[in-house]
Amino acid sequence: KAGVTQTPRYLIKTRGQQVTLSCSPISGHRSVSWYQQTPGQGLQFLFEYFSETQRNKGNFPGRFSGRQFSNSRSEMNVSTLELGDSALYLCASSFVGVGEQFFGPGTRLTVL
Amino acid sequence: DAKTTQPTSMDCAEGRAANLPCNHSTISGNEYVYWYRQIHSQGPQYIIHGLKNNETNEMASLIITEDRKSSTLILPHATLRDTAVYYCIVTRTISGGGADGLTFGKGTHLIIQP
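Let us look at the structure shown here. (Residues numbered from 1 in each chain as written. Chains lettered and ligands numbered in written order. Predicted model: local features only at pLDDT ≥ 70, side-chain atom pairs only at ≥ 80, totals over all residues. Heavy atoms only, no water.)

1. Considering the overall build of chain B
Along its length, chain B carries 0 helices and 9 strands. Helices and strands in chain B line up, N terminus first, as β-β-β-β-β-β-β-β-β. Computed over its C-alpha atoms, the radius of gyration of chain B comes to 13 Å, within 12% of the 13 Å expected for a compact globule of 114 residues. Projecting the C-alpha coordinates of chain B onto the three principal axes gives extents of approximately 40 × 30 × 25 Å. The 114 residues of chain B split such that 46% are buried. The distance from the centre of the 9 positive side-chain charges to the centre of the 10 negative ones in chain B is 3 Å. (Helix = DSSP H or I, 4+ residues; strand = E, 2+ residues; numbered from the N terminus. Rg over C-alpha atoms; globule rule 2.2 N^0.38 Å. Buried < 20%, exposed > 50% of the residue type's maximum accessible area, 1.4 Å probe, protein only. Lys, Arg positive; Asp, Glu negative; His and termini not counted. Charge placed at Lys NZ, Arg CZ, Asp CG, Glu CD.)

Structural data, given as structure tokens:
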């Protein structure tokens, strides 16, 4: 069974631009969570989607948003990029949000 | 979710058992202990979780003290590929994240020495 896939794997943007990252969960999984990982702050929870609805959100500004489609694929968007948004963005999927989370390889975003 | 405390780093010889401690003295009765690890530049990988009984799977064993204030992850025969950052996470839901998200601390950097 294919794992969680994320595209693109690497991305370079400049300040002020916006970016959209994509996550395809494991087949049958309906819950998708997003995390940001930086050297300074570690791994931090952004938000979680289940059946196209956001169920919870971490402590991030409104520039960070997401959505989930009917096939459970999810996208996250960051608008008006700042240098501090440079990070590894990880998504994780699970069947219905129960049990272990399966993480993708991440998208490494660099903001110049 | 309860806070966890882990050593910053540990070394272990290849082939020996690696014992990673975690302190979670403020854990509540309905909170689970989860362990994940992250090998450099990869996404975190689930290892094991438990509530109050000891648990074992093909990767590791989880020993939770009777008062549940601490736990130990045991990798029975460590290999070089077990070198990673290991995260002990306490979460109140069996979802192990899901809607509530996982709260990752700094973790323990386990280095397996040849």
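2. Focus on the environment of Cys12 of chain B
All names here are of chain B. Here Cys12 lies in strand E1 (residues 9–13). Taking the C-alpha atoms as reference points, Cys12 and Thr83, 71 residues apart in sequence, are found 9.3 Å from one another. Excluding its chain neighbours within four sequence positions, the residues that come into contact with Cys12 are Ala17, Ala18, Ala78, Leu110, Ile111, Ile112 and Gln113. (Contact = heavy atoms within 4.5 Å.)

3. Quick notes on the sheet that holds strand E2 (residues 18–23) of chain B
Residues and elements named next belong to chain B. Pairing within the open sheet is antiparallel, and its 4 strands lie in the order E2-E7-E6-E5. At either end of the open sheet lies a strand with only one pairing partner, and these are E2 and strand E5 (55–56). Note: E2 against strand E7 (residues 70–75), 6 bridges, orientation antiparallel. Bridging across to E7, Asn23 finds its partner in Ser70. (Pairing = 2+ DSSP bridges.)

4. Quick notes on the state of the cysteines
Under the criterion given, the structure shown has 2 disulfides over all chains. Covalently, Cys23 of chain A is tied to Cys91 of chain A through a disulfide, its sulfur atoms 1.9 Å apart. The sign of the 65° torsion about the S-S bond sets the Cys23 of chain A-Cys91 of chain A disulfide as right-handed. Of this pair, Cys23 of chain A sits in strand E3 (residues 19–24) while Cys91 of chain A sits in strand E9 (residues 87–94), and the two are 68 residues apart along the sequence. For Cys23 of chain A, a relative accessible area of 0% puts it in the buried group. Here Cys91 of chain A falls in the buried class, since its relative accessible area comes to 0%. Covalently, Cys22 of chain B is tied to Cys88 of chain B through a disulfide, its sulfur atoms 2.1 Å apart. Disulfide Cys22 of chain B to Cys88 of chain B: torsion about the S-S bond roughly -80°, handedness left-handed. With Cys22 of chain B in strand E2 and Cys88 of chain B in strand E8 (residues 84–91), the pair connects residues that are 66 residues apart, well separated along the chain. The same class applies to Cys22 of chain B and to Cys88 of chain B, which are both buried. Summary of cysteine pairing: Cys12 of chain B is not part of a disulfide, and the nearest cysteine sulfur, belonging to Cys22 of chain B, is at 18 Å. (Disulfide = S-S within 2.5 Å.)

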